[in-house]
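# Remarks on the overall topology
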There are 2 protein chains.
Amino acid sequence: MAMKPKDYHPINFKEKLSKFTEHWSPKVIAEMNDYQFKVVKFQGEFVWHDHRDTDETFIVLDGGMVIHFEDGKVKLSKGEMFVIPKGKKHKPEAVNECKVLLIEPRGVVNTGEAHGKLTAENDVWI
Amino acid sequence: MAMKPKDYHPINFKEKLSKFTEHWSPKVIAEMNDYQFKVVKFQGEFVWHDHRDTDETFIVLDGGMVIHFEDGKVKLSKGEMFVIPKGKKHKPEAVNECKVLLIEPRGVVNTGEAHGKLTAENDVWI
């Protein structure tokens, strides 16, 4: 007997972003091999930090933000991405709320080597 | 003497997509560790294929598409993503032109194990 064809569900960024309100708290929405896709809302200034073992990708889904580096900065708007090289110190900042898709290996902590009150629980799925 | 702060350039999807017109021909726009981000334009039907060694991520930047599987399908629209599991046979299709961001390890060939006239040159940067 033939199986009924499955309708697989796409992952919708807006729908995932509607499920939480807190800032600086990445939520996992998908995995590809040992990498995770996380949606996150930024507002205000984050802490200076780096990730010693990996690059990190930011894709802006809505709004705008700045990533500060020790030697300059990059401004990111909706429809833009940037890959932060491994070990490069950075500080994200968003004057108004900015919605971002992060891509990085499973296990990366949001504050990198700088732990503190903004360190979010890891591997939280929505 | 202090160095002038650098203005790093974001990668803008629309700007990258404006640089080519051909279909089924992924162009690399960024790398994160040993993964690549590629923009591609789909229109029509691709070939059935799979990638034996890796998952593959599709993010729809504009338009809509369907990915057919042997056991069903997924419909993807702008602002949606899907991760195709390693080894799962799939056939992308787009009735109207669809603009997609692909994420996969460096070296993955677009037609996977099914080589043919739609096999694109790999590692082409724009």
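Please read these numbers as outputs of a predicted model, since none were measured by experiment. (Residues numbered from 1 in each chain as written. Chains lettered and ligands numbered in written order. Predicted model: local features only at pLDDT ≥ 70, side-chain atom pairs only at ≥ 80, totals over all residues.)

## Here we look at the environment of Lys41(A)
All names here are of chain A. The residue Lys41 is located in strand 4 (residues 35-45) in this model. Judged by local crowding, Lys41 falls into the buried class, with 21 C-beta atoms found within 10 Å. With 20 residues separating them in the primary sequence, Lys41 and Thr21 have C-alpha atoms 7.6 Å apart. Beyond its immediate stretch of four places on either side in the chain, Lys41 contacts His23, Glu97 and Lys99. (Helix = DSSP H or I, 4+ residues; strand = E, 2+ residues; numbered from the N terminus. Buried ≥ 20, exposed ≤ 12 C-beta atoms within 10 Å, placed from the backbone. Contact = placed C-beta atoms within 7 Å.)

## Focus: the relation of the copies chain A and chain B
Rotating chain A by 180° and translating it 0.0 Å along the rotation axis places it on chain B, where the RMSD comes to 0.0 Å. These values place the two chain copies in the arrangement generated by a two-fold rotation axis. Here 100% of the contact residues of chain A are again contact residues in chain B; the copies associate through an equivalent surface. (Least-squares fit on C-alpha atoms with pLDDT ≥ 70 in both.)

## Topic: the interface of chain A and chain B
How big an interface is tends to be stated in terms of the accessible area lost upon association of its parts. At the interface, 29 residues of chain A touch 29 residues of chain B. Looking at the side of chain A that touches chain B, the elements that each hand over two or more residues are strand 1 (6-8), strand 2 (11-12), helix 1 (13-17), strand 3 (27-32), strand 7 (72-77) and strand 8 (80-84) of chain A. For the side of chain A that touches chain B, the element with the most residues is strand 7 of chain A, which contributes five residues. Here the residues of the side of chain A that touches chain B are counted per class, giving 14 nonpolar, six polar and nine charged. When strand 7 of chain A meets strand 1 (residues 6-8) of chain B, the two strands line up parallel, connected through three bridges. Across the sheet, the residue bridging to Val74(A) is Tyr8(B), located in strand 1 of chain B. (Nonpolar A, V, L, I, M, F, W, Y, C, P; charged D, E, K, R; others polar. Pairing = 2+ DSSP bridges.)

## Things to note about the environment of Val124(B)
Residues and elements named next belong to chain B. Along the polypeptide, Val124 turns up in the segment after strand 9 (90-105). Along the primary structure Val124 and Trp24 are separated by 100 residues, whereas in three dimensions their C-alpha atoms are 13 Å apart. If we ignore the near neighbours within four places in the chain, the residues touching Val124 are Lys27 and Val28.

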